[in-house]
Number of protein chains: 4
Amino acid sequence: MSDDEKLVGEFPFLPKQERAQVKRNALIESGYALFQAKGYEQTTAKDIAAHAGVATGTFYRYFSDKRQLLMSLLEDKIETFLPPEISWISNDPVSSLATSLENHYNRIHEFGLRHVLPELLSKDSELANVLEKARKRIHERIQSSLKQAREKGLVWSDLDLDTVSWAIMIIVENGLDKINKTENKCAYQDIAKLICRMVFPPTVLNQLRGSDVEAFE
Amino acid sequence: MSDDEKLVGEFPFLPKQERAQVKRNALIESGYALFQAKGYEQTTAKDIAAHAGVATGTFYRYFSDKRQLLMSLLEDKIETFLPPEISWISNDPVSSLATSLENHYNRIHEFGLRHVLPELLSKDSELANVLEKARKRIHERIQSSLKQAREKGLVWSDLDLDTVSWAIMIIVENGLDKINKTENKCAYQDIAKLICRMVFPPTVLNQLRGSDVEAFE
Amino acid sequence: MSDDEKLVGEFPFLPKQERAQVKRNALIESGYALFQAKGYEQTTAKDIAAHAGVATGTFYRYFSDKRQLLMSLLEDKIETFLPPEISWISNDPVSSLATSLENHYNRIHEFGLRHVLPELLSKDSELANVLEKARKRIHERIQSSLKQAREKGLVWSDLDLDTVSWAIMIIVENGLDKINKTENKCAYQDIAKLICRMVFPPTVLNQLRGSDVEAFE
Amino acid sequence: MSDDEKLVGEFPFLPKQERAQVKRNALIESGYALFQAKGYEQTTAKDIAAHAGVATGTFYRYFSDKRQLLMSLLEDKIETFLPPEISWISNDPVSSLATSLENHYNRIHEFGLRHVLPELLSKDSELANVLEKARKRIHERIQSSLKQAREKGLVWSDLDLDTVSWAIMIIVENGLDKINKTENKCAYQDIAKLICRMVFPPTVLNQLRGSDVEAFE
DNA sequence: CATGAATGAGCCTTCATTCAT
DNA sequence: GATGAATGAAGGCTCATTCAT
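About the cut-offs
- Residues numbered from 1 in each chain as written.
- Chains lettered and ligands numbered in written order.
- Predicted model: local features only at pLDDT ≥ 70, side-chain atom pairs only at ≥ 80, totals over all residues.
- Heavy atoms only, no water.
- Helix = DSSP H or I, 4+ residues; strand = E, 2+ residues; numbered from the N terminus.
- Buried < 20%, exposed > 50% of the residue type's maximum accessible area, 1.4 Å probe, protein only.
- Contact = heavy atoms within 4.5 Å.
- Areas by Shrake-Rupley, 256 points an atom, 1.4 Å probe, with all protein chains shown as cover.
- Least-squares fit on C-alpha atoms with pLDDT ≥ 70 in both.
- Near = heavy atom within 4 Å.
- Polar contact = N/O pair within 3.5 Å; in protein donor to acceptor, adjacent residues only side chain to side chain.
- Nonpolar A, V, L, I, M, F, W, Y, C, P; charged D, E, K, R; others polar.
- Buried area = accessible area lost by both parts, 1.4 Å probe.
- Salt bridge = Lys/Arg side-chain N within 4 Å of Asp/Glu carboxyl O.
- Expected span 1.5 Å × (residues − 1).
- Bend = angle between axes of the 7 residues up to and from the residue.
- Phe/Tyr/Trp six-rings, centres within 6.5 Å; stacked < 30°, edge-to-face > 60°.
- Axes fitted to C-alpha atoms, helices over the stretch in contact; angles between N-to-C directions.
- Parallel < 35°, antiparallel > 145°, perpendicular 65-115°, else oblique.

An unreviewed UniProt entry lists chain A under the name TetR/AcrR family transcriptional regulator, with Neobacillus cucumis as the source organism.

Student: What am I meant to see in the overall build of chain A here?
Tutor: Helix and strand counts for chain A stand at 11 helices and zero strands. In sequence order, chain A lays out its α and β elements as α-α-α-α-α-α-α-α-α-α-α. Of all 217 residues assigned to chain A, the portion counted as buried reaches 47%. Sequence-distant contacts in chain A: of pairs separated by 6 or more residues, those separated by 24 or more amount to 71%. Carbon and sulfur atoms make up 50% of the accessible area of chain A, which amounts to about 11300 Å² in all.

Student: Can you help me understand the relation of the copies chain C and chain D in this one?
Tutor: Both copies of the chain are related through a single rotation about an axis accompanied by a shift along the same axis. For these two chains of identical sequence, chain C goes onto chain D by a turn of 177° and a shift of 0.3 Å along the axis, with RMSD 0.7 Å. Taken together, these values place the two copies in the relation of a two-fold axis. Every residue of chain C has its C-alpha some distance from the rotation axis, and the shortest such distance is that of Glu119(C), at 1.6 Å. Of all interface residues in chain C, 94% are interface residues in chain D too; the two copies therefore contact each other through one and the same surface.

Student: Looking at this structure, I do not really get the protein's contact with DNA strand E. What am I missing?
Tutor: The local shell around DNA strand E holds 28 residues, among which Lys23(A), Ala55(A), Arg61(A), Tyr62(A) and Arg61(C) are the closest. A share of 70% is what sugar and phosphate atoms reach among the atoms of DNA strand E within 4 Å of the protein. A distance of 3.4 Å is found between a base nitrogen of DNA strand E and a backbone nitrogen or oxygen belonging to Gly57(A). In the environment of DNA strand E, a phosphate oxygen lies 2.8 Å from a nitrogen or oxygen atom belonging to the side chain of Thr58(A). Contributions of two or more residues to the surface near DNA strand E are made by α3 (56–62) of chain A, α3 (56–62) of chain B, α3 (56–62) of chain C together with α3 (56–62) of chain D. Among the elements that line the surface near DNA strand E, the one with the most residues is α3(C), at five residues. Considered class by class, the residues forming the surface near DNA strand E number 11 nonpolar, nine polar and eight charged.

Student: Explanation requested: the environment of Trp156(C) in the structure shown.
Tutor: Tracing the backbone through its elements, the reader meets Trp156(C) in the loop between α8 (125–151) and α9 (161–181). Distance in space between the C-alpha atoms of Trp156(C) and Pro201(C) is 5.6 Å, their sequence separation being 45 residues. Other than its neighbours up to four places away in sequence, Trp156(C) contacts Arg197(C), Met198(C), Val199(C), Phe200(C), Pro201(C), Pro202(C), Arg197(D) and Pro202(D). Within the structure, Trp156(C) has its side chain in polar contact with the backbone oxygen of Arg197(C) (distance 3.1 Å).

Student: Any chance you could explain the interface of chain A and chain B here in plain terms?
Tutor: Many descriptions give the size of an interface as the accessible area lost when the pieces come together. With 34 residues of chain A in contact, the opposing surface of chain B contributes 33 residues. In total, about 3000 Å² of surface goes out of reach between chain A and chain B, with carbon and sulfur atoms giving 62% of it. Linking chain A to chain B there are eight salt bridges. Counting only elements with at least two residues in the side of chain A that touches chain B, the list comes to α7 (117–121), α8 (125–151), α9 (161–181) and α10 (187–199) of chain A. Of the residues forming the side of chain A that touches chain B, the biggest block, 11 residues, is contributed by α9(A). When the residues that make up the side of chain A that touches chain B are grouped by side-chain class, the tally is 12 nonpolar, nine polar and 13 charged.

Student: Is there a simple way to think about helix α9 (residues 161–181) of chain D in this case?
Tutor: One full turn of an α-helix is made of 3.6 residues, so residues set three or four places apart face in the same direction. Residues and elements named next belong to chain D. Under the 1.5 Å per step criterion, the end-to-end length of α9 is 30 Å for 21 residues, consistent within 8% with the ideal 30 Å. Gly175 marks the point of greatest bend in α9, at about 45°. Across the 21 residues that make up α9, a large majority, 16, are buried.

Student: In this structure, what is going on with the packing of aromatic side chains? I would like to understand it.
Tutor: How two aromatic rings sit relative to each other is given by the distance of their centres and the angle of their planes. Residue and element names in this part refer to chain B. Using the criterion set out here, one finds 20 aromatic pairs over all chains in the structure. Ring centres of Phe59 and Phe63 lie 5.7 Å apart, and the angle between their planes is 45°; this geometry places the pair in the tilted category. Comparing Phe59 with Phe63 shows no difference in burial state: the two are buried. Judged by centre distance (6.2 Å) and plane angle (25°), the rings of Tyr105 and Tyr188 are stacked.

Student: Where do I start with the side chain of Ser145(C) in this structure?
Tutor: Locating Ser145(C) in the fold gives a position in helix α8. In this structure the side chain of Ser145(C) is engaged in a polar contact, spanning 2.7 Å, whose partner is the backbone oxygen of Ile142(C).

Student: I would appreciate a short explanation of the packing of helix α6 (residues 93–108) of chain B against helix α9 (residues 161–181) of chain B in the present structure.
Tutor: The description of two packed helices rests on the angle between their axes and on the distance between the axes. All names here are of chain B. Here α6 crosses α9 at 70°, and the two axes come no closer than 10 Å. When the interaxial angle is binned, α6 and α9 end up roughly perpendicular. Contacts between α6 and α9 pair Leu101, His104, Tyr105 and Ile108 from the former with Ile171, Val172, Glu173, Gly175, Leu176 and Ile179 from the latter. Taken together, the residues of the contact of α6 with α9 break down into seven nonpolar, two polar and one charged.

Student: Could you clarify how one ought to interpret the pattern of salt bridges in this entry?
Tutor: As a working rule, side chains carrying opposite charge can pair if their charged atoms are close by. According to the stated counting rule, one finds 34 salt bridges over all chains in the structure shown. Put simply, Arg197(C) and Asp158(D) hold a salt bridge, and the shortest N to O gap is 2.6 Å. A residue pair is termed interchain when its members come from two chains, as with Arg197(C) in helix α10 (residues 187–199) and Asp158(D) in the loop between α8 (125–151) and α9. Among the residues examined, Arg197(C) registers a relative accessible area of 8% and is labelled buried. For Asp158(D), a relative accessible area of 35% puts it in the partly exposed group. A salt bridge links Glu85(D) to Arg141(D); the shortest N-O distance between them is 3.6 Å.

As structure tokens, then:
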């Protein structure tokens, strides 16, 4: 049923709260767009308000200042922006990692704020902290998934889990730039392959391919 | 009359040009120190001049503006700051890479400006360009060194050189943070091992270890 | 249908005008409280509305602006706040003046706006004018009462009525601060005595004390 | 000798420090003029700078803010602005007090800031404190001079020194307004007479007039 | 009539850059 | 060349007042 078919129950305008929410969102959108386009410092509250089509003062009704808007933008997004859960145990770890990467990058493709973060970290230690903690969580998550794989004897026997986890995180974090700059259609696959080679001995990879993975789970 | 002919009286005074050079250097040093300590935006031209012991106006005699001073600081240092030449062919690629990394990180350890770059890239596309080009050069350098190794049949046969080069660059670029956060003494070795596993099949690594490397060069 | 005829249902609602009056009063009360507590400039229209439990916009339905509310507060109060009518002819002018002062100060004790006036006079010449006129009225009132006393030969023969009236006004106006800072219980009496000495020769005072005042009236 | 006659020793421009002082003074003058004309709140730093013929930023080179400029204006002037030392013992206390008043008022005639003080006291408790302390000093000064007179048996025997001192202070403080509003040439004399009547019994005044005051000193 | 979101002028302050000395 | 005072544009933010709902 399309909107046109609605016969009753139409509010001629949005309820108050909702309208405020709309405006708040417009500001957030504008902040997002401008931060991304011009950088955080280069964007003023006035700019954001103008871009959202509201007066300067309105900005301050919804946000105590520029930084708070940014925080709203970041809230709950940082984790998304960071690397995803990775499952190592599969028939074809390379492909499944590649798929995982592709999904991740598709998800964060639009998260342009990524480019603003570095600018901010140097002057906003609170934000730096938040990000640092999130990365630590990600790091631990990756590491623990690797630990499981190790317990099953799948990874290089002399692997330093801390270091690989870190390397994986770094690679995934920076991968989008690489993907975007490459027309190479196998990019995901190539990256996944690299990572798998850091983790698994070639024998294991072969072995997994022919096996019934269920046995490991 | 050349400097050589001066017999007396010249002691307290440096030749004009030299004095200028001294001032210029003082400004560069101060800029470096303050940018590093407080960030680029947070450092004012006045600050820098004061720190260098000259008047505000003097700053502008030597640099057209704050940005130019920064550029002077960066010029010739960007390359240093980025990953070094890597030689893949050795008896023990892991150890030699580890040593290379250690040297590199020791060299750039003090390059505190590293933390200022992100702040700048968003607002200075020229700088971003410069950095981008430098990275491209590094990338090509790594890639070409890998190509040589491939021609000798040392690397994984299905290796995508572009992607590995990129991954190596990313890892090396970010490695210092990792090293600093780890008390692990083998950090360099661990990172080197990872990288080598992305590049060389295990058989090759073993083979190299026992061989007379000269044969490959 | 008059109010009298309503039998039921009217309970929760005040007649419209009355409700408006209630709101207006609430605003006045709130304005009074906040001006007194925080000063005129420091109090915003929003503050006042919030304190009165109405919306910001409502404030402007009842008052054209903040200033007008203040004027409403002051209207009819200025005169109260200024010195009272004084009757000079009595058996004991000192005591009767003291009593008069005490009454006056008790009456204006709560007139906290007193402290707000100075802040306003510098920027509101109209208000300054209003106050000036009120003071002139007071001055004349005092002066004419003194004139009566003079006609009866009670005051110093060389008294400049204009000047004494002024001095009395000044003293009474400022007296409350004095009273409040003193624990002295005779404060009213002491002030009254001073004033009487400016007005009456000692002989007259003595004479009055023993006389039948009616004779002078 | 006029400026024209100076032949040598002319500085083509004032020494640096002096010029800065000149500018600082210009700002102080402008602050004074504008505070007086428009009130403190109504005057902005920009106004003051413009009036002084300098840029906004220049204001902030010399003063941290408006308040500091005001403080500079007030410093050392508050005491002047308050009532002067009074000597009670003289052949003709009325006249000598009148003279003293005249001198005082001539001195502070230009101290227009007087009208700004009230505005400030309500929002600047530090300033209020400073003024309060100054008034306390004045009050004590007057009281102690009265005490001397009392010890010589010159004043009303039942005089409450605290109250009279206060009344005198109030009258003197407010007297200038009175004087300015009056074309009466005897204004000083009239005020002085009032005050003397609060202090001295008429017999003492007569007695002093005919006496050799030295005897009391 | 009431509401409270929206407006935007205007204040305070900083700092990159210029320029008279 | 050197100096540092002067400049003034620009940013952050507030608040009296208006106006759509």
